[in-house]
Amino acid sequence: MLIFWKERLVFLATTKTGSTAIEAALQPLAHAALTRPPELKHLGAARYRAHLGPMLEELSGDRFTLIALIREPVDWLGSWYRYRTRDDLDGREKSTRGKSFEEAALDFLSDRPSPAMAVGSQAAQLCGDQGRPLVDRLFRYEDMGSFIDFLQDRLDFDIHLPRLNISPSGDLGLTAPTRARLEERFSPDYALWRALG
């Protein structure tokens, strides 16, 4: 999470949407950066609105604009799967090494996913209990150009994103029934993502 005090802007770091690269590019401009631990870096919108947002508004006397990115949901899950195939997780409970994406997706869809695939959802990070988005501006990860244009205009700074925290490559093939089940499970995420198209 990055806080731009003067511009009254907060970037909420949705998981697996390029937040590490965005933070690397923008941290020198931010007035505060919460990049560790992951629980603070990826603070959800509901907790921001309940705790940090009111404090910032009380201290500044103004409202901050909360922005975030959202990624196509099955691709987002695929990024988690690929990320957890990396060498440093091999043999650990959060590793997906040795599993196909189909197996990992079925694990995610199960009633009790393993630690490797208990990743939640983007909608859970971005919405309140009623499923209503709690961010002021949401951008598609796949249209990073629009996000960068917004930031350049708001921060009055030319932004170039580095390529960081890239997931290993991997086959993201799925059977049609599994993809359909994922799309159903991710229906709140798809509603947010499609509304931006």
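Refer to the structure above for everything that follows.
1. Thoughts on the nonpolar core
Generally speaking, nonpolar side chains in soluble globular proteins are found buried as a group.
Item 1. Ranked by size, the top nonpolar core spans 38 residues in total, and within it Tyr48 and Leu77 carry the most contacts.
Item 2. At six residues, the largest contribution of residues to this core is made by helix H4 (residues 73–83).
Item 3. Non-local contacts of Tyr48, meaning those with residues more than four positions away in its chain, are made with Met1, Val10, Leu43, Gly53, Pro54, Leu56, Phe64 and Leu66.
Item 4. By size, the runner-up hydrophobic cluster in this structure holds 19 residues, among which are Leu9, Leu26, Ile148 and Leu151.

2. Details of helix H3 (residues 45–60)
Item 1. Its 16 residues give H3 an end-to-end C-alpha distance of only 19 Å, which falls more than 12% under 22 Å, the value for a rise of 1.5 Å per residue.
Item 2. Maximum bend of H3: about 40°, positioned at Leu52, with proline Pro54 one to four residues after it.
Item 3. Within the sequence span of H3, burial applies to Ala45, Tyr48, Leu52, Gly53, Leu56 and Ser60.
Item 4. Residues of H3 that are buried in the fold lie against strand S1 (2–4), strand S2 (9–11), strand S4 (65–70) and helix H6 (122–126).
Item 5. Gly61 sits one or two residues past H3 and shows a positive phi near 75°.

3. With respect to the sheet that holds S1
Item 1. Here five strands make up an open sheet; going across it, the order is S3-S1-S2-S4-S5 and the pairing mixed. The open sheet has two free edges, formed respectively by strand S3 (32–33) and strand S5 (137–140), since each of these has just one partner strand.
Item 2. By the bridge criterion, four bridges tie S4 to S5 in an arrangement that is parallel. Paired with Ala68 across the two strands is Leu138, which belongs to S5.
Item 3. Seen against the sheet, helix H1 (residues 19–26) touches S1, S2 and S4 and runs at an angle of roughly 35° to S1.
Item 4. Against the sheet, H3 touches S1, S2 and S4, its axis set at about 155° to S4.

Cut-offs applied
- Residues numbered from 1 in each chain as written.
- Predicted model: local features only at pLDDT ≥ 70, side-chain atom pairs only at ≥ 80, totals over all residues.
- Heavy atoms only, no water.
- Core = buried A, V, L, I, M, F, W, Y, C linked by side-chain atoms within 4.5 Å.
- Buried < 20%, exposed > 50% of the residue type's maximum accessible area, 1.4 Å probe, protein only.
- Helix = DSSP H or I, 4+ residues; strand = E, 2+ residues; numbered from the N terminus.
- Contact = heavy atoms within 4.5 Å.
- Expected span 1.5 Å × (residues − 1).
- Bend = angle between axes of the 7 residues up to and from the residue.
- Pairing = 2+ DSSP bridges.
- Axes fitted to C-alpha atoms, helices over the stretch in contact; angles between N-to-C directions.

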